[in-house]
Amino acid sequence: YGSFDEVTREWTDGVAPTLLKAGVMDNKGGSPDFHWIVFDGPVDALWIESMNTVLDDNKKLCLTSGEIIALTPQIRMVFEVEDLSVASPATVSRCGMVYMEPTALGTKPVIDSWMTTIPEPIVKFKPDIKKKLLQWCLDFLEPIITYVHRRLTEVAATMTNGILVGFTRLMD
């Protein structure tokens, strides 16, 4: 959320308060736009418990500096976390949860999503390109990824969807 300098007795806002303040100021300035703030990473017990006032009906972030940031109805937060092992039941109950087991998702949704990004000029030039690419991906990508996981030694463990996203970025 920020840091307090013991020597100068000054508070410096962190990333979250800075983004929240910008969204609040934009909405109070008349903008009807939604502001989505995505928190991605491990959950720290103190950090997530400090979010309770943001997640409940108050929708206020209380900073250590004493400042309180009241959120507007257009501010949305998404927490993309690996697990909630250090979050209290109170925190978990305040969030809508969607749990996706990586293996349950499969490869097709990632491939389908990527297919929608193929530029229109390419599709016009070669009308059957999407159909051929989709078939190629379905026929070869999953077996290749299975081979990587079972037969090769990875320097850092990878997830199937991570490999797929990397593949789509290379293809783009």
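Residues numbered from 1 in each chain as written. Predicted model: local features only at pLDDT ≥ 70, side-chain atom pairs only at ≥ 80, totals over all residues. Heavy atoms only, no water.

A.B. asks: Explain the pairing of strand β2 (residues 10–13) residue by residue, including any values.
C.D. replies: When a strand is regular, its side chains alternate between the sheet's two faces. Here four bridges tie strand β1 (residues 2–5) to β2, and the two strands are oriented antiparallel to one another. Counterpart to Asp 5 in the pairing with β2 is Glu 10. (Pairing = 2+ DSSP bridges. Helix = DSSP H or I, 4+ residues; strand = E, 2+ residues; numbered from the N terminus.)

A.B. asks: Please give an account of the side chain of Asn 52 that cites residues and values.
C.D. replies: Topologically, Asn 52 is positioned in helix α3 (residues 52–55). Among residues more than four places away in sequence, those in contact with Asn 52 are Thr 91 and Arg 94. (Contact = heavy atoms within 4.5 Å.)

A.B. asks: Residue-level account of the pattern of salt bridges, with values.
C.D. replies: Opposite charge on two side chains allows them to pair when their charged atoms are near. Evaluated as defined, the whole model comprises five salt bridges. Glu 6 is the salt-bridge partner of Arg 9, the closest N and O atoms lying 3.6 Å from each other. In terms of burial, Arg 9 and Glu 6 fall into one category: exposed. Note that Lys 132 is salt-bridged to Asp 128, the shortest N-O span being 3.2 Å. Here Asp 128 falls in the partly exposed class, since its relative accessible area comes to 32%. (Salt bridge = Lys/Arg side-chain N within 4 Å of Asp/Glu carboxyl O. Buried < 20%, exposed > 50% of the residue type's maximum accessible area, 1.4 Å probe, protein only.)

A.B. asks: Report on the environment of Leu 63, specifying residues and quantitative values.
C.D. replies: With respect to the helices and strands, the residue Leu 63 is situated in the loop between β4 (60–62) and β5 (68–70). Judged by its relative accessible area of 6%, Leu 63 is buried. C-alpha of Leu 63 to C-alpha of Pro 109: the two residues are 46 residues apart in sequence and 40 Å apart in space. In contact with Leu 63, not counting residues within four places along its chain, are Tyr 1, Trp 11, Asp 13, Pro 17 and Ile 69.

A.B. asks: Tell me about the packing of aromatic side chains, and name the residues and values.
C.D. replies: Considering all chains together, one arrives at four aromatic pairs under this definition. Aromatic pair Trp 114 and Phe 167: ring centres 5.9 Å apart, planes at 65°, arrangement edge-to-face. Of this pair, Trp 114 sits in helix α6 (residues 108–115) while Phe 167 sits in helix α9 (residues 160–171), placing them 53 residues apart in sequence. A single burial state applies to Trp 114 and to Phe 167, both of which are buried. Ring geometry for Trp 136 versus Phe 140: centroids 5.9 Å apart, planes at 45°, classification tilted. A residue pair is termed a helical-turn pair when its members lie 3 or 4 positions apart in one helix, as Trp 136 and Phe 140 do in helix α8 (residues 129–151) at four residues. Overall, Trp 136 belongs to the partly exposed group, its relative accessible area being 37%. (Phe/Tyr/Trp six-rings, centres within 6.5 Å; stacked < 30°, edge-to-face > 60°.)

A.B. asks: Provide a residue-level description of a nonpolar patch on the surface, including the pertinent values.
C.D. replies: Together, Phe 34, Trp 36, Val 38 and Val 78 line one region of the surface with nonpolar side chains, adding up to about 420 Å² of accessible area. Secondary-structure assignment places Phe 34 in the loop between α1 (15–28) and β3 (35–40). (Patch = residues over 30% accessible without salt bridge, like charges linked within 9 Å, V, L, I, M, F, W, Y side chains within 5 Å. Areas by Shrake-Rupley, 256 points an atom, 1.4 Å probe, with all protein chains shown as cover.)

A.B. asks: If you had to explain the nonpolar core to someone new, which residues and values would you point to?
C.D. replies: In this structure, Leu 20, Met 51, Ile 69, Leu 71 and Met 77 are the most contacted members of the largest nonpolar core, which totals 17 residues. Elements supplying a minimum of two residues to this core: α1, β3, α3 and β6 (75–80). It is α1 that provides the largest number of residues to this core, a total of three residues. Apart from the residues within four sequence positions on either side, Met 51 is in contact with Tyr 1, Phe 39, Met 77 and Phe 79. Formed by twelve residues, the second largest nonpolar core is a distinct cluster that contains Val 110, Met 115, Ile 145 and Phe 167. (Core = buried A, V, L, I, M, F, W, Y, C linked by side-chain atoms within 4.5 Å.)

By themselves, these are just geometric observations and shouldn't be taken as functional.
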